[in-house]
Amino acid sequence: MKWQNKNIEDVLKILNSNNNGLSSEEAQKRQDIHGKNELVEEKKPGPITKLLGQFKDFLIILLIIAAIAAALIGDIIDATVIVIVIILNATVGFVQENRAENAMEQLKNITCSEAVVIRDNEPRKIIANELTIGDVVILEEGDIIPADFRLLKSYDLMVDGSTITGESKQSKKDENILSQNKTTNLAFMDSYVISGRAKAVVVEIGMNTAIGKIAEIIQGKDQKTPLQDRIHGLGKLMGLIAIMVCTGVFTLQFFKGTPLVINFLTAVSLAVAAVPEGLPAIMTLTLALGMQKMAKSNAIVRKLLAVETLGSCTTICTDKTGTLTKNKMTVHKTKINSPEIAFKIAALCNNSNISNGKIIGDPTDGAMLVYADENGYNRKELEIKYKRIFEIPLDSERKRMTTVNEFNGNRYVLTKGAPEIIIKQCNSIQEKDEIKQLNNEQRKEIFDNLKNMTSQALRVLALAYRKMDNNEGLDDKDIIENNLIYVGLVGIMDPPRKEAKEAVYLCEKAGINVVMITGDNKDTAMAIASEIGILKDGNILTGSQLDKLDDNSFKAIVENIQVYARVFPQQKVRIVEALKSQGHVVAMTGDGVNDAPALKKAAIGVAMGSSTDVAKESADMLLQDDNFATIVEAVKEGRTIFDNIKRFVKFQLSTNIGAILTITIASLINLPIPFNPIQILWINIIMDGPPAQSLGVEPSEEGVMERKPSKRNIIPKKNLIKIGIAGIVMSAGTLLLYWYELSSGRDIITAMTIAFTVFVIYQIFNVFNCKAQGTTPNKTLFIAVLASLLLQLCVIYLPYLQAIFKTIGITIIDWIIIILMASTIFLSEFISEKVIK
């Protein structure tokens, strides 16, 4: 119900209450019906249940089976590595499941504990959770507002809603009925009374309050990301293939008379090699390294998988203030007739201060102070020379501030304020060193300048002064501010960040749509958005216009809207949902409690360094510098990481397919299996080890931000063809060389050693097929390749390892043949590219 649109009599009638509140008996009855005034946390499973729940995933179950199988055949190292992977993934899942609960805890921590309520016609202090619908409460300076209220009577009530909105703006509240979507006659739970007092009636309590609705949304469990689903699906598919192949190989070898123990070990080893148990570990490592890199660029990623999601982002919905702009009011344009006098007025008619480079006080006053200071007029020095003897402070009705300062024994009135007010008070104009009568033509010129400046979304102040007569008193404010001499206009704005404009252009090249969402007025929004490059064809929507659109009408136009002005935080959720319905992956910025639902709904919730704790807990990423360019840099890193995930998936599956085909075909064509169980596990270690991990830290490809967002497919059609061809080439090359060695009369141990080695070299060479294109391989990749080659040499030539792996030393000629055969993997990549084209 829109309580702000109803008069006080109707509100009290609907609530069945009155100005004197409820009786204790009635209040108790209502408490029994409506429950307590508190945020209710959903029942959550205990920590042990949540931890055990992490092991229900199909891939994790396969990994557990693989670990047991590896342990049974004596491969303790592989079994240990798999167990570490399982524990690591369970820990990550467990930590992330607690995020929503942490956000809820932050909400509960800021709730109020006491309230002054009128019960039985007299005020009394009660615990805030005992408030009920229809209770009449007294709000005083310093109170945290304990429920949602409709004001009955306001006595200069000023409220700070920053805990909800994230904005430090004070709001003046009154009891007057409103015809629009404004809320100046409402006070919301967890806002803070800065000054004044009020009598108000409770209209909503607990989970029905504005903050309660937020609590309900942010308690929802995080949805699985597409990457999680695809990795899960891939693991499941490879697991099923492994089971079928192992069963087939075991059956074939059984009927061929292979000893049962050897047959079983081979089947189990093949199962271990076929299941991509390294995928979760390498993915976690890649994402974690990405998080580390982003942190150095002021982007703190709170949820691991958000790193990958950033790479798929299609739309960034960003705040204006502080993100696209500097969040520092600055003098941007002036029309001054006498600069010296203007600087003195800016510095002396001012109550702000500069401390350690920061503005203390009103931001507009601060901008004027900096303007004067940068031009050599320091306020502290001037105040010693031109002492202030009187002040008429700024207020919302007068719209101006005036001080009287002493200049060399004479008193001068210095005034700044709203141009339309100040100009009316002027009868003269300063033109350089002369003072002239202000005529109509000059007034017209001033107003033309004013119109030009306001059209650029500048906040404009007029400056004026006059010399006081010696016998003039300071009692009559109106007389003091009359007959002023006009000095000029100063246009102030929160200027766009230079890097924001560049970042928006980069987004455009990358196929990412940037949408600006602000609570500011339409003109200001349009000016900033146009200057930065977001607004190109005037597609702007205000919050009130958005409210008039039904969901279907809004969805039909949402992709065309570039700027939203005068938008409430709760409307952000609707914007996110509409964009998601059109297939967009949305990043949304926010800083207040009211932004938490939108941050939760978005694929990537981005909180600011200055955000409320609730917003931070609900977000996936935190911008320490509140800078839009940092989001774009994070998107670039996300794209690189997703590319790297695709690279090591391509590498691992090529090996999986190659190993499965080699062993299966050898069984079908009546060849002895070319690898023994220990060798299969060694191939598995090479596949999951340094080479695969090095692909996770490949640098960005050239033009990574000059292509459209990816479709989040970890095995695109192009890679699927390459994986299939690479697997076939590896299998064919290995079997061909194996058959040749056997046919040439060489013993089975030598033939198996050569087949085993050529398959390992295939993996080492295949790494270069999978690396980033157009870049120099990273040092890690070179080290990984050399380490793998060195380890393979140890396995072949060290007597102790020869006994374990059943290998034998091979000749230089053998190595030449092996390298030539393994080099065909480069040919496979070339063929794949041709097939795809």
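Further up the page is the structure itself.
In short, a report on the structure. What you see is a predicted model, and the numbers here were worked out from it, not measured in a lab.

### So, the overall build of the chain
Here is step 1 of the chain: Helix and strand counts for the chain come out as 34 helices and 25 strands.
Here is step 2 of the chain: Out of the 837 residues belonging to the chain, those deemed buried represent 53%.
Here is step 3 of the chain: Within the structure as shown, the chain displays about 37500 Å² of accessible surface, and the carbon and sulfur contribution to it stands at 56%.

### Some words on the nonpolar core
Here is step 1 of the chain: Among the nonpolar cores identified, the biggest contains 132 residues, and Ile-316, Ile-534 and Phe-628 are the most heavily contacted of them.
Here is step 2 of the chain: In contact with Ile-316, other than residues within four places in its own chain, are Cys-507, Ile-512, Asn-513, Val-514, Val-515, Ala-587, Phe-628, Ile-631 and Val-635.
Here is step 3 of the chain: With 31 residues, the next largest nonpolar core counts Leu-139, Leu-151, Ala-187 and Ala-200 among its residues.

### Considering the packing of aromatic side chains
Here is step 1 of the chain: Tallied over the entire structure, the rule returns eleven aromatic pairs.
Here is step 2 of the chain: What links up through ring pairs into an aromatic cluster is the set Tyr-386, Phe-407, Tyr-412 and Tyr-465.
Here is step 3 of the chain: When the ring centre of Tyr-155 is taken as reference, the NZ or CZ atom of Lys-153 above it lies at 5.9 Å.
Here is step 4 of the chain: The ring of Tyr-155 has Arg-197 sitting right over it, with the charged end atom 5.3 Å from the ring centre.

### Some remarks on the side chain of Arg-400
Here is step 1 of the chain: Note on placement: Arg-400 falls in strand β14 (residues 400-407).
Here is step 2 of the chain: Separated by 3.0 Å, the side chain of Arg-400 and the backbone oxygen of Arg-398 make a polar contact.
Here is step 3 of the chain: Within the structure, the side chain of Arg-400 is placed 2.8 Å from the side chain of Glu-481, a separation counted as a polar contact.
Here is step 4 of the chain: In contact with Arg-400, not counting residues within four places along its chain, are Ile-392, Pro-393, Leu-394, Asp-395, Thr-415, Lys-416, Gly-417, Ile-421, Ile-422 and Glu-481.

### Describing helix α19 (residues 498-509)
Here is step 1 of the chain: Along its twelve residues, α19 runs 18 Å from first to last C-alpha, staying within 8% of the 16 Å computed at 1.5 Å per residue.
Here is step 2 of the chain: Among the residues of α19, Ala-500, Ala-503, Val-504 and Cys-507 are the ones counted as buried. The buried residues of α19 occupy one face: seen down the axis, they fall within an arc of 105°. What points out from α19, more than 90 degrees from its buried face, is the exposed set Lys-498, Glu-502 and Tyr-505.
Here is step 3 of the chain: Tucked into the core, α19 has its buried residues touching β9 (315-319), β20 (513-517), α20 (522-532) and α26 (628-668).
Here is step 4 of the chain: Where α19 terminates, the next one or two residues include Gly-511, which has phi positive at roughly 75°.

### Thoughts on the pairing of strand β18 (residues 459-467)
Here is step 1 of the chain: The buried count for β18 comes to seven of nine residues, which makes it a mostly enclosed element.
Here is step 2 of the chain: In the sheet, β18 pairs with strand β19 (residues 484-493) via seven bridges, with the strands oriented antiparallel. Looking at the pairing, Leu-463 lines up with Gly-488 of β19.

### What about the sheet that holds strand β22 (residues 563-565)?
Here is step 1 of the chain: One open sheet accounts for eight strands, arranged β8-β25-β24-β23-β9-β20-β22-β21; its pairing is mixed. Across the chains shown, the open sheet's two edge strands, defined by having one partner strand only, are β8 (299-301) and β21 (540-542). Averaged over all pairs of adjacent strands, the angle between strand axes in this sheet comes to 20°, irrespective of strand direction.
Here is step 2 of the chain: Across five bridges, β9 lies against β20 in parallel orientation. In the sheet register, Cys-317 faces β20, and the bridge partner there is Val-515.

### Considering the packing of α19 against α26
Here is step 1 of the chain: Their axes nearest at 8 Å, the elements α19 and α26 cross at an angle of 35°. As α19 runs across α26, the sense of the crossing is left-handed. Contacts from Glu-499, Ala-500, Ala-503, Val-504, Leu-506 and Cys-507 in α19 reach Phe-628, Ala-629 and Val-632 in α26.

### Describing the packing of helix α29 (residues 717-743) against helix α33 (residues 812-822)
Here is step 1 of the chain: The contact between α29 and α33 brings their axes to 10 Å, and the two run at 155°. Of the possible angle classes, the one that applies to α29 and α33 is roughly antiparallel. As α29 packs across α33, the resulting crossing turns out to be right-handed. Of the residues in α33, those in contact with Gly-733, Leu-736 and Leu-737 of α29 are Ile-817, Ile-818 and Met-821.

### Re unusual backbone geometry
Here is step 1 of the chain: The backbone of Asn-298 shows a phi angle near 75°, a positive value even though the residue is not glycine.
Here is step 2 of the chain: Its place among the elements puts Asn-298 in the loop between α11 (278-296) and β8.
Here is step 3 of the chain: For Asn-483, which is not a glycine, the phi torsion comes out positive at approximately 55°.
Here is step 4 of the chain: Examined against the element boundaries, Asn-483 turns out to sit in the loop between α18 (477-480) and β19.

### Here we look at the environment of Glu-381
Here is step 1 of the chain: Relative to the helices and strands, Glu-381 resides in helix α15 (residues 379-385).
Here is step 2 of the chain: The class for Glu-381 is exposed, based on a relative accessible area of 57%.
Here is step 3 of the chain: As a C-alpha pair, Glu-381 and Ala-347 span 34 residues in sequence and 9.9 Å in three-dimensional space.

### Quick word on helix α17 (residues 440-454)
Here is step 1 of the chain: Over its 15 residues, α17 extends 21 Å from the first C-alpha to the last, a length consistent with the 21 Å expected when each residue adds 1.5 Å.
Here is step 2 of the chain: Every buried residue of α17 is accounted for by Gln-442, Ile-446, Leu-450 and Met-453. Projected down its long axis, α17 carries its buried residues within an arc of 80°, all on one side. In α17, the exposed positions that point more than 90 degrees away from the buried face belong to Asn-440, Glu-441, Lys-444, Glu-445 and Lys-451.
Here is step 3 of the chain: Those residues of α17 that are buried are in contact with β10 (330-336), α16 (419-425), β16 (426-431), β17 (434-437), β18 and β19.
Here is step 4 of the chain: With a side-chain oxygen positioned 3.1 Å from the backbone nitrogen of Glu-441, the residue opening α17 is Asn-439.

### Some words on a nonpolar patch on the surface
Here is step 1 of the chain: A cluster of nonpolar residues, Leu-252, Ile-665, Leu-668 and Ile-669, forms a patch on the protein surface that exposes about 340 Å² of accessible area.
Here is step 2 of the chain: Note on placement: Ile-669 falls in the loop between α26 and α27 (677-688).

### Concerning the environment of Val-632
Here is step 1 of the chain: Its location among the elements puts Val-632 in helix α26.
Here is step 2 of the chain: Expressed as a C-alpha distance, the spacing of Val-632 and Ile-512, which sit 120 residues apart in the sequence, is 9.6 Å.
Here is step 3 of the chain: Setting aside chain neighbours within four positions, we find Val-632 in contact with Ala-503, Leu-506, Cys-507 and Met-705.

### Some thoughts on the side chain of Asp-148
Here is step 1 of the chain: Among the structural elements, Asp-148 can be located in strand β4 (residues 148-160).
Here is step 2 of the chain: The exposure class of Asp-148 is buried, given its relative accessible area of 6%.
Here is step 3 of the chain: Among the polar contacts made by the side chain of Asp-148, one reaches the main-chain amide nitrogen of Met-189 at a distance of 2.9 Å.
Here is step 4 of the chain: From its side chain, Asp-148 meets the backbone nitrogen of Ala-210 in a polar contact 2.8 Å long.
Here is step 5 of the chain: Ignoring any residue separated from it by four or fewer positions in sequence, one finds Asp-148 in contact with Ala-187, Phe-188, Met-189, Val-201, Val-202, Val-203, Glu-204, Thr-209 and Ala-210.

### Observations concerning the state of the cysteines
Here is step 1 of the chain: In total, this model carries zero disulfides according to the counting rule given.
Here is step 2 of the chain: A disulfide-free cysteine, Cys-507 has its sulfur positioned 7.7 Å from the sulfur of Cys-313, the nearest such atom.

### Side note on the pairing of β20
Here is step 1 of the chain: With four of its five residues buried, β20 lies for the most part within the structure.
Here is step 2 of the chain: Relative to β22, β20 is paired through two bridges, and the arrangement is parallel. For Ile-517, the partnering residue across the bridge sits in β22 and is Tyr-564.

So, how was this worked out
- Residues numbered from 1 in each chain as written.
- Predicted model: local features only at pLDDT ≥ 70, side-chain atom pairs only at ≥ 80, totals over all residues.
- Heavy atoms only, no water.
- Helix = DSSP H or I, 4+ residues; strand = E, 2+ residues; numbered from the N terminus.
- Buried < 20%, exposed > 50% of the residue type's maximum accessible area, 1.4 Å probe, protein only.
- Areas by Shrake-Rupley, 256 points an atom, 1.4 Å probe, with all protein chains shown as cover.
- Core = buried A, V, L, I, M, F, W, Y, C linked by side-chain atoms within 4.5 Å.
- Contact = heavy atoms within 4.5 Å.
- Phe/Tyr/Trp six-rings, centres within 6.5 Å; stacked < 30°, edge-to-face > 60°.
- Lys NZ or Arg CZ within 6 Å of the ring centre and 35° of its normal.
- Polar contact = N/O pair within 3.5 Å; in protein donor to acceptor, adjacent residues only side chain to side chain.
- Expected span 1.5 Å × (residues − 1).
- Arc of directions from axis to C-beta.
- Pairing = 2+ DSSP bridges.
- Axes fitted to C-alpha atoms, helices over the stretch in contact; angles between N-to-C directions.
- Left-handed = near helix turned anticlockwise from the far one by under 90°.
- Parallel < 35°, antiparallel > 145°, perpendicular 65-115°, else oblique.
- Patch = residues over 30% accessible without salt bridge, like charges linked within 9 Å, V, L, I, M, F, W, Y side chains within 5 Å.
- Salt bridge = Lys/Arg side-chain N within 4 Å of Asp/Glu carboxyl O.
- Disulfide = S-S within 2.5 Å.

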